[in-house]
Every structure is written in C-alpha cells, then in structure tokens.
Amino acid sequence: MTTKTLHMIGNAHLDPVWLWQWQEGFQEAKATFRSALDRLTEYPQFIFTSSSAAIYEWIEQNDPQMFAEIKARVAEGRWAIMGGWWIQPDCNLPSGESFVRQGLYGQHYFRAKLGVTATVGYNVDSFGHHGMLPQILCKSGMSAYVFTRPAPHEKGLPGGLFWWESDDGSRVLAYRIPYEYLSSGKDLEPFVRRCMAEIKAPIADWMCFYGVGNHGGGPTKENIESILQLDRDRDLPHLVFSTPNQFFDTVLKQELPIPVVHDDLQHHASGTYAAHSGVKRWNRRAENLLLVAEKWSSIAYWHTGQPYPGDLTQAWKQVLFNQFHDIFAGTSIEAAYEDARDNYGEACSIAARALNHATQSLAWQIGIPLDEGMKPIVVFNPHAWQSKVNVELEYGRLPAGSVLLDEHDQHVPLQTVQSWAAARGRNRLSFVADLPPLGYRVYKVKAAPATATSTNGTTPTPVMPFVAKQDAAGQDADYHATDTTLENKWHRLEFDPETGYIRSLIDKALGVEMCRAPWAKPAVIEDRSDTWGHEVTIFNKVIGAFTAQSAKLVAYGPVKAVIRVVSTYGSSKLVQDFAMYRELPQIEVKVMVDWNEEWKMLKLQFPLNLNFIKATYEIPYGYIERPTNGEEEPGQSWVDASGVVRDSHQLYGLALLNDGKYSFDVDRKVLSMTVLRSPIYAHHDPFMPPPDSQHVFMDQGVQHFTYTLLPHADGWEGSGVVKRAAELNQRPITVIETFHEHGQLPQHDSFIEVDQDNVLVSVVKKAEDNDDVIVRCYETNRVQTKAIIRLPRWERTIETIFGPCEIKTFRVPHDKMQPIVETNMLEWNAEAANKGSHDRPTRASVPA
C-alpha cells in the first residue's frame, strides 16, 4: 500500500477582470460560488478552497442568502479561506504599504464577516513575487504561501517546498504548485499522475490543485467522481480532499529537512512591468495621495478636531482591487482600463478631499498677523525628516518687485515659471523650501519697495519673470546655464545640440565624469512579444532612437535653470525638460511623450563610466541586488547602479528616481528605464493576429512623468536616495492662506521625526478599531538600528531597535497615560491578541 498522500485542493481560480470587465466577473463569481455550494451538498467529502475578500463582499452585498450559506460552510470547516488579502494582486509592482493593506482589509473582512482569518498566503496566478513578502505575510497572520509562477524553467529552486526568507529573517513555508493551479472539468487522472511524480522522499505529501478556473467554474461532478475512483487505485498515492492549511500542518509535523530560499521569485511575464503606462501612473499617484491624506488627516483630527474621513477605507479598496494581477500588470482588455481609471479616480478624489480638509483645517489655525501687501503660503511636508525641496504652485496677480520671505522675514529666492494657465493675471511660483519633519512652514509673498531689506540686512531679490536666458543676477559664480550647459556647485551637465543627449556629467568636487557614452538616449527597441512578454526576459534589439529637433534654455533664474530638448522618432515626439537647481544636487527631468508606434518599446539609457557595477532595485518595503545581465527587472521609485570610476579608485554611482515607472535593466554598464511598450491589448501567445486585422495598441498618445538623476559618491545607502525618491512621489502641499491673528498654531511646526536617516516613517493613520494613531516605520539599509521616534506635539517618544529591513507598526493611544504598543500589521489590540495577534508594549515615554 502506498505511503504517499496527494492532497486534492478543489478551487476555482477566478479572474474578476481579464479578457472581460468586472461586471462579467461579478456574475461569474456568483455562478462559481453557487456551483461550489451545490457540490458541497452533493459530496460530503468535498472541500472547497477560495480567496479574495473583494469577491466575498460582492456576494454579501448582492446575494445575502448565498453569503449565509458560505458562512455556514466556513464554520463547518469545508469552505477554506485562503490568502487573507483583498484580491490576488500583482506581487511585484504595488507599494509596500499596498501589500500591508491587502492583508489589513482582507483579514479584517474575513474575521468580521466569516469568523476566521487566513494563515496561508495565496497568489496562484501572479507573475512574480518580491523578496519582502515573507515579512509582510508573517506580520499579517500568515505562516505559509502558495504560488505557481515563476515555473521551474523560469527559476530554479531547491524544491517545490521551501522556507522562503526575507531580509529581516522572517520565514514562511512556501509551495510552488506544479504545472497548473486548475484543471479541466473531466477525469483528473492525467493531473494526478503528473503531480504524483513530484513526490520525492523524504516528503510523502504533496498538493494537486483541480477545478475549472480563470473564468471561474470550480470543481465539477466529474472531477470529484474521478478522485473517488482514482483513490481505489493502489498504484496511485492516497487521494484526500484537503486544504493548503491541512497540507502545511501535515508537513510541519513530520519535521523534515526543508531548504531555505532567500531571494525574490522571478521572472515570468517580464513585459508586464511596463505594459500600460496609464494604470501604472494612476496606481502610483493614488497610493501616495492616500498615504499623504492619512498622515495629515490623523494630525488634523488630533490637533484641530477635524473629523477623520471614514471613506478612506473605500478608497484603499478601490486601489487594491485594481492591483489585481491582470489589471495592474497591463494584461486586460482595453475597456477594463476605462473601469480602472474611474476606480483610481474615485480613490484619488476621496484622498484629495481628505487632504484638503486636513491641511486647510491646520492652516486656518496658524497665527498669521495682518500685513498689508503680504500673502501667506503654508507649505506642508508629508515626510518625517527635514526636507529641502522645490515647491511650485499656481498663483494670482504678482505685483512688480514682489519677494518671498520665510516666517522670520528672511529672504527666499523666488522664480516664476510657465503658468498652467494661458491667461493674464496668473503666475506659477517656484522656490526651494526648507521644511520641518512631517510639519509645515509659512512663507510670505510680499510686494516690497526696491530699497526694502530683510531682517538680516540683505536686500531681497525681486521675483524674476519667466523668460528664456534670464539674467541670474546676484547668483554665485558656480551657477550657470546656456543652451547646452547647466552648472551648479555640484555638477556640470553638457548636451550635444545635434542629438539632444547628455554628452557629459561631471561631479565638480571629485572631478568624476559619469558618462561613458551619451546619456538620456531615447532608444527604440523592437518588441514583437505579446502583452505579457512571454518567454522574453531581455529587450535589447535597438532599431532606432529619438533625435533632437531643438535643445534650448527655456528658464534661468535664482531657483533653477531648464534646458528643453524636443526629439522625434517616426511619428512620435518626446519633450524632456532638464532642470538643475541652484540649491539642490539632483537633476529633475519632466517628460512628455506623444507615442504613435506599434510593436516597439522605448527605453532611456544611461551608459555609466564605472567598473564593478552593482545594480540595486527598490522593492516593496525593501531593496534587492540583481545581476547586470540585461534582464528586464521590476522596480519601484528608484534603481541604483554603483561601482568604481574607470581609471580611478573612486566609489561612485547613479540613482535613477521616477514617479510612475516600474521596469528597468542594467546591461553590464548601461542603466536603462523602460518608458513604455506598445503591444496589442490582451494579446496572449500563441494567438497570432492576422496581418489585415484591426487591433488597439497600448500606450498610444500623450503621457507625462518625471524622473530624477541623483549622482553620488560612495554607495547609495548614504546618499539619501530613498528619501529623495519619496520626496519626488509625495510632494509638498501648499495652501495659499489669509490672516488670522489669533490662531493657536505657530508658523513653523513639526509633528513626527526620527533620529536615524535609515529609518523612515511610511504611515500615520487612524487605527481601524478606535481613535489610536498607527505609526509604521521601516529600516532601509539592511542594518540593525536603534532609533528614537519623536512625536513632540503628542508628548510621546518611541525608542526601539529595528532589525535589518524590518517593518515595525506602533499603536499610539489617544490617552497619553496609556503606553505605546508595538503591534502587527493587522493592528489587533490586546483583546484580539488572544486570538492571534502579537501586540506587545514597547519602550515609550508616558507623562508623569
């Protein structure tokens, strides 16, 4: 008799959106769950496995009776809840906090509605899995993980069952589903026999997933009958109706030697990192807007009594749903992106209203005395560190001779740039603000006589108008600009006027030339692959490049100088505005692309004058080093290439930051960012579109994004890369105010700060269950760090030790006499801790 057991996992993989819109997925979810309930009635041995809280919420709201049946089957133990997330998302591209919210809202929903929480992570159809997931899963109540991709031909693993470990040391027991996560609706013998071949001593248990899937369906009567029949065959393993939970419990009890994998799980469908620029940009904007809105809504709630918005959860659910792996990855039909655009728009509208209420509530309470001829501007910093950043805002009439002052009446350089309005009486102001950590500062636009002096005895420089090649009078000798050069005290940048590419970038202090060959070269790549980029890991067949139609200086003032390069390729146009700031070391590039090409990809390339290059990519709540072999890689808001300067021993590097791109590669000494690609919507190999057919290609037309070049000495860890990327994605908020002399708040204030540069505050939000504030922080440099987090306005201090790349979550009670508690990502308090959470007190100051 066989000693092997095959755990038969009856499931129905349901893509709520893919080759159909969500309305069709909604109906199919109901049909699939109805079928599963019927099979449970017909076969008392049968067990059904399912995930994704969003789908359950559909059923609850549309068919309460069916939902009640499901709840009863869950209580019976025959309907197994897997995943614990809102949806099965793309597992590379969402932000770290989005993965936390998948668990927060998913697990809270399952607990509140069905009385259970998931202990097994479950993303069977996602196209890759980032390396920080084990920590996020562990701190969201899950100890195991099930996935399918990458398959064995895409990534070798020491076995289908392994401990998956993240940089902080967290581990989950991971299982790679062999072959497929679904089956036909017929006899399962072929599926059983191929899974049976995967069972290898000393392991005697394995899983076989069955049930019609993708468009739902689930296990059929014929499936179940064949399992009952095949279990009588003594040449086969014992077949049991089971769940992933039961499988993992069984394996763990056997105390087997299980290998450890410390890596991310790539590559499958590398083309998805860049497919559909629109959904990528909508997602990045929504994620960051929600985080900023939560921070200031929490602060306003505690300090002005402004009600905390109750609809932020709904906004997050919209974002999380649209991170579904076939939506966010760009692989759905065109109409699905009209729906996604609307959903992201709803999320952004909710967040924008919340942010406006919060900042206006705070700004209204600032004491600002009456001063004729002065207009106050309150600038809010969404980051818990002192931030020196460019601020731009639309402004009305600007009297001649106007100057900008801070709250101490010290002069601040001010420049006008092109207004967003093509009308008289509107201006756009640009200045560099020095802002307190997660705080605000009042600046003042004042019409001053030519002889006016500031309180430090200097003569303020009047605002400089928006004109090309304007005189930068009064600037230091290191700040220059021409039609082909930009220079400040850090760098000298030179353009080739014929091509529009960067010819030279020199670090002036070190004498380092960073350009091995022209930089910012817009290379056009042939890309005949399908929407996923199936079986393609390297996109490097260059067939052309954009070349310059013009390159000229379009702005030059006391704040920044801008060279605009206009290039064309075929019927496409590219405009890049390269801005060098007088007071900032990074070079910011605003990009407009009007793309009208098919079966092609656009990359911006930066050949580096470095040897021994190490390529580092931001991943959700962490980073990873990857080979410089030209493979397309997923990344977040920054990627860095560092090494040793040729003909020198100087350590140097370039960080490339962005506000909406996710696809990069480093091919030996060339760092590239993939701007876009233009396959057919939802084109899946092996289907070959007939030559005379009409199809819609992706990324046609105009798109905008911004990237930043941050050259740095030594490694990226000490160069502020993570903070500068965050500042690019969460920009300062401005409120043009008026006078209120009796305001209770000062003109300069800070609410949270951290004493260590490598510990960042990512989240400040109201707790899910009461008025406590949740503060989430993470360590960025893979270094154990003792940190002090100060909340001066709340009279609280947190002292804690972060492990390498550790994410910590703290609960700050509204009652100052109650201790601050370190909790898990689900925010469950002490009462809930008895049911599975892990709250514990942390060292914190409590007023005497």
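Just above sits the structure.
Here we summarise the structure given alongside this text. (Residues numbered from 1 in each chain as written. Predicted model: local features only at pLDDT ≥ 70, side-chain atom pairs only at ≥ 80, totals over all residues. Heavy atoms only, no water.)

With that settled, the discussion passes to the overall build of the protein. Scanning the protein from terminus to terminus reveals 14 helices and 47 strands. On C-alpha atoms alone, the protein measures out to a radius of gyration of 28 Å, which is about the 29 Å that the 2.2 N^0.38 rule sets for 848 residues. Principal-axis analysis of the C-alpha atoms places the extent of the protein at approximately 100 × 70 × 50 Å. Taking all 848 residues of the protein together, 62% fall into the buried category. Counting contacts in the protein only where the partners sit at least 6 residues apart, residues at least 24 apart contribute 72% of the total. Of the roughly 30800 Å² of accessible surface on the protein, 50% is carried by carbon and sulfur atoms. Looking at the protein, you have 81 positive and 103 negative side-chain charges, and the mean spots of the two groups are 2 Å apart. (Helix = DSSP H or I, 4+ residues; strand = E, 2+ residues; numbered from the N terminus. Rg over C-alpha atoms; globule rule 2.2 N^0.38 Å. Buried < 20%, exposed > 50% of the residue type's maximum accessible area, 1.4 Å probe, protein only. Contact = heavy atoms within 4.5 Å. Areas by Shrake-Rupley, 256 points an atom, 1.4 Å probe, with all protein chains shown as cover. Lys, Arg positive; Asp, Glu negative; His and termini not counted. Charge placed at Lys NZ, Arg CZ, Asp CG, Glu CD.)

On to the packing of helix α10 (residues 312-321) against helix α12 (residues 334-364). For the pair α10 and α12, the least separation of the axes is 8 Å and the interaxial angle reads 150°. Classed by the angle they form, the pair α10 and α12 counts as roughly antiparallel. Seen from above, α10 lies across α12 with left-handed handedness. Across the interface between the two elements, Leu312, Gln314, Ala315, Gln318 and Val319 of α10 pack against Asn343, Tyr344, Glu346, Ala347, Ile350, Ala351 and Ala354 of α12. Looking at the contact of α10 with α12 residue by residue, the class counts come to 8 nonpolar, 3 polar and 1 charged. (Axes fitted to C-alpha atoms, helices over the stretch in contact; angles between N-to-C directions. Parallel < 35°, antiparallel > 145°, perpendicular 65-115°, else oblique. Left-handed = near helix turned anticlockwise from the far one by under 90°. Nonpolar A, V, L, I, M, F, W, Y, C, P; charged D, E, K, R; others polar.)

The subject of this paragraph is the sheet that holds strand β29 (residues 600-607). Strands pair in a sheet through their backbones, by hydrogen bonds, and they do so in one of two ways: parallel or antiparallel. What the 6 strands build is an open sheet, ordered β24-β23-β29-β36-β35-β32; its pairing is antiparallel. Every interior strand has two partners, whereas the edge strands, β24 (542-545) and β32 (633-634), have only one. Where strand β23 (residues 521-526) and β29 come together, 6 bridges link them in antiparallel fashion. Within β29, the position partnered with Ile525 by the bridge is Met601. (Pairing = 2+ DSSP bridges.)

Turning our eyes to something else, we now look at the sheet that holds strand β22 (residues 512-513). The strand order across the open sheet built from 5 strands is β18-β19-β20-β21-β22, with neighbouring strands paired in antiparallel fashion. Both outer strands of the open sheet, β18 (480-481) and β22, are each paired with one neighbouring strand and no more. Direction of pairing for strand β19 (residues 485-487) relative to strand β20 (residues 491-495): antiparallel, over a ladder of 3 bridges. Opposite Leu486, over in β20, you have Leu493 as the bridge partner.

Okay, the pattern of salt bridges next. Tallying each qualifying case throughout the model produces 57 salt bridges. A salt bridge links Asp125 to Arg149; the nearest nitrogen and oxygen atoms lie 2.2 Å apart. In this pair, Asp125 sits in the loop between β4 (120-123) and α5 (133-138) while Arg149 sits in the loop between β5 (144-147) and β6 (161-165), placing the two residues 24 residues apart along the sequence. With respect to burial, Asp125 and Arg149 carry one shared label: buried. One salt-bridge network, in which partners are shared between bridges, spans Asp478, Glu487, Arg492, Glu494, Arg503 and Lys508. (Salt bridge = Lys/Arg side-chain N within 4 Å of Asp/Glu carboxyl O.)

So, about the packing of aromatic side chains. Evaluation of the coordinates by the stated rule reveals 43 aromatic pairs. Pairing Phe546 with Tyr569 gives two aromatic rings, centres 5.8 Å apart and planes at 40°, and the pair type is tilted. Of this pair, Phe546 sits in the loop between β24 and β25 (547-556) while Tyr569 sits in strand β26 (residues 560-569), placing them 23 residues apart in sequence. For Phe546, a relative accessible area of 0% corresponds to the buried category. For the pair Tyr621 and Tyr778, a centre-to-centre distance of 4.8 Å together with 65° between the ring planes defines the contact as edge-to-face. (Phe/Tyr/Trp six-rings, centres within 6.5 Å; stacked < 30°, edge-to-face > 60°.)

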